[in-house]
Amino acid sequence: MHELPSRDRIDRFFLITGLWVVLHVSAFTTGKAYSAPAVALWTLATTISYAFLYLLPALIPGYLLYGWLKRRQATRAGAAALACLLVGLTGAVQVLLFADRTIYGMYGFHINGFVVDLVFSPGGIASLGASRSTELTAALIVVALLALQAASYYWATRRVAEHRPPRLLPRARWVLLAVLVLTVGERLAYGFSAAVNYQPILFASERYPFYLPMTFRRLAARLGINTASETVEGIHIKPSGLSYPLVPLQVEAPARPLNIVWLVAESLRFDLLEPRLMPNLWEFSGQALRLEHHYSGGNATQMGIFSMFYGLYGNYWFPLIKAGRSPLLMDVLQQQNYQFSLHTSQSFTYPPFDKTVFLKMKPGDMHALSGGPQPWERDRQNIDDILRFIDARDPARPFMTYMFFEGTHANYTFPDDSVIARPYLEDFNYLSADFAGQMEPIKNRYLNAAHHVDRQIGRVIAHLREKGLLETTIVIVLGDHGEEFMERSNRWGHAAEFNRYQTSTPGVLWVPGEKPRVISGITSHLDIPATVMPLLGVRNPPGDYSQGYDLLKPDFHRDYAVAADWHRIAYIGEKFKIAFPINATGVIRQEVLDDDDRPVSDPDRAKDEIRPAMVEIMNNLTRFSRPKG
């Protein structure tokens, strides 16, 4: 009973597991994958061959350990170690596939650098805002998948009959040969599809995690195959240095520097700024500069916050964090002896703003409330602390305070007295919610959370007014990005698309001495540093240190905004929104939307219309990452 299972029984376990994985991978596909015989055959071949590929991290160490134990005549401990390794590794494969399928279903992308960064950065998992029921459901699914693998191992290795049963399962070598044939066939079919631009197979490949595209366009042409014309759908850049700013800043500090109160709310989208939902901010915006078509620099927190402080496209995140470069705006504030009180109801470590935006800040000036009370309670506590800081500051020095509200992040939390939208979903479980059927009560949670955030913003404004500080304080109120509730893309949340619901936020800017007005044209987070830096005495034109424009200039005008995520850059204009992959390989499904965020009938014409803007964007992508001189 303590001997290792035979090689045949280990083969049987992996074959059973392979069947489970094939079923799991098939869940990534849709009915369109079986709409035509050629696509159906390709889908079947890809599903089986990629199931084998996904199992390799378990197959290779599993067989290596089995061989090592077999040579050493393993004891009970060795047999147990083998069982634990095989069940653990194959269970991990199942868990990762389930996680990837959930992520893809919700956001439209697979596990990538963004997801890995989220998982391994301190505070990353907590930033998801999952409810206790979501966490419990996830734990039960993990246990169930591990139990499935344990049961499969037990059945494959311990079920012994009186007489040796006839062999019903194929030998491992025949399974490997079949997988090899299917893999070669799938590769050739994809390569041919890429050559002739057969989109059903090209787009079906998007649904497989870590799909590896293979093309042979030139070979196909030499073989006489009529290949489709090759068009450039993406942007390829190779940063070669860092040149930020382009020239040294010339600064003449004002005699009486203005204070700065910078308020940012998670996932606060543009249409929340109205009298019923956010009455305090709406009233204040009538006395300030209101930006009616304002866009974030990204569709997620990382690029959104980055763009509003640096004034640069989101792709600059990577060279700047690598170089350990703080935003020039924060550098100037420090040089002018500002007092700081920086607050968040989540974390400064995910995204790692402690290594970018607030890199040079003293730890004692950074106050993160994460975990414990609900986000709305942390928001209220942070505002309490900010008001105390304002009252206790050194009045002889200017101050800058920053607040990041978390209440409007999913799970969308709020106290009972902030409920203005009913019915709302009492328990929002990410894994069991019927998003299509329950989207209205889910959105009502969001509206209630925004109403509570508005109350906290109102407290700050009222306090500044009561203390006579509004006439000496710049007030900035923004969302980091938007939030969609299946209005256009049939997706919930953010970080997946570049439509207005996911990228546009309220924008309110109070500058002492400026008359109230509304900018109805396009504005961007990138314009904030270009607007604030001149108020701090920076004499350089904004183009020396940002890709934004001064909102206070009488002739302010922006033809388009630019937003980014980890792998794409998006043009956002008055007529079109078009996303382009950066340094991508394989097929990319491009977003080409009209002004109402709906797919256009002629994407090529739309791209031709914005070609001059794209030339400008491509130049700007490396403007601050070229060697000086």
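Quick note: structure is the one above.
Residues numbered from 1 in each chain as written. Predicted model: local features only at pLDDT ≥ 70, side-chain atom pairs only at ≥ 80, totals over all residues. Heavy atoms only, no water.

Draft legend 1. Structural context of the nonpolar core. Membership of the largest hydrophobic core comes to 69 residues, with the highest contact counts inside it found for Trp262, Phe309, Phe358, Met400 and Tyr402. For this core, the leading source of residues is helix 10 (residues 301-310), giving six residues. Apart from residues lying up to four places away in sequence, Tyr402 is in contact with Trp262, Val264, Ile305, Phe309, Ser341, Leu342, His343, Phe348, Phe358 and Ile386. Core analysis: the next-biggest nonpolar cluster, separate from the first, contains 50 residues, Phe284, Phe414, Tyr430 and Trp510 among them. (Core = buried A, V, L, I, M, F, W, Y, C linked by side-chain atoms within 4.5 Å. Buried < 20%, exposed > 50% of the residue type's maximum accessible area, 1.4 Å probe, protein only. Helix = DSSP H or I, 4+ residues; strand = E, 2+ residues; numbered from the N terminus. Contact = heavy atoms within 4.5 Å.)

Draft legend 2. Representation of the environment of Pro248 in the model. With respect to the secondary-structure elements, Pro248 resides in the loop between helix 8 (217-222) and strand 1 (259-265). Judged by its relative accessible area of 61%, Pro248 falls in the exposed class. For Pro248 and Asn540, which are 292 residues apart along the polypeptide, the C-alpha to C-alpha distance reads 8.6 Å.

Draft legend 3. Spotlight on helix 2 (residues 37-71). The end-to-end C-alpha distance of helix 2 is 48 Å, a good match for the 51 Å that 35 residues give at a rise of 1.5 Å each. Taken as a whole, helix 2 carries its principal kink of about 55 degrees at Leu55; the proline Pro57 stands between one and four residues after it. Looking one or two places after helix 2, you find Gln73, whose phi comes out positive at around 50 degrees. (Expected span 1.5 Å × (residues − 1). Bend = angle between axes of the 7 residues up to and from the residue.)

Draft legend 4. Local environment of the sheet that holds strand 10 (residues 517-524). One open sheet accounts for eight strands, arranged 4-3-5-1-6-9-2-10; its pairing is mixed. Only two strands of the sheet have a single partner each, and these edge strands are strand 4 (366-368) and strand 10. Sheet twist, expressed as the average angle between the axes of neighbouring strands with direction ignored, equals 15 degrees. Bridging between strand 1 and strand 5 (residues 399-405) involves six bridges; their strand directions are parallel. For Val261, the partnering residue across the bridge sits in strand 5 and is Thr401. Strands strand 1, strand 3 (339-344) and strand 5 of the sheet are contacted by helix 12 (residues 328-335), whose axis makes an angle of about 140 degrees with strand 3. (Pairing = 2+ DSSP bridges. Axes fitted to C-alpha atoms, helices over the stretch in contact; angles between N-to-C directions.)

Draft legend 5. Structural view of the pattern of salt bridges. Overall, the coordinates contain 22 salt bridges when judged by the stated rule. Note that Glu292 and Arg290 form a salt bridge whose closest N and O atoms lie 3.9 Å from each other. Residue Arg290 is classed as buried on the basis of its relative accessible area, which comes to 13%. The partner of Arg388 in a salt bridge is Asp385, and the shortest N-O contact between them spans 2.4 Å. One end of the pair is Arg388 and the other is Asp385, both in helix 13 (residues 375-392) and three residues apart, which spans about a single turn. The class of Arg388 is partly exposed, set by a relative accessible area of 49%. Each of Arg269, Asp271, Lys443 and Glu487 takes part in a single network of salt bridges with overlapping partners. (Salt bridge = Lys/Arg side-chain N within 4 Å of Asp/Glu carboxyl O.)

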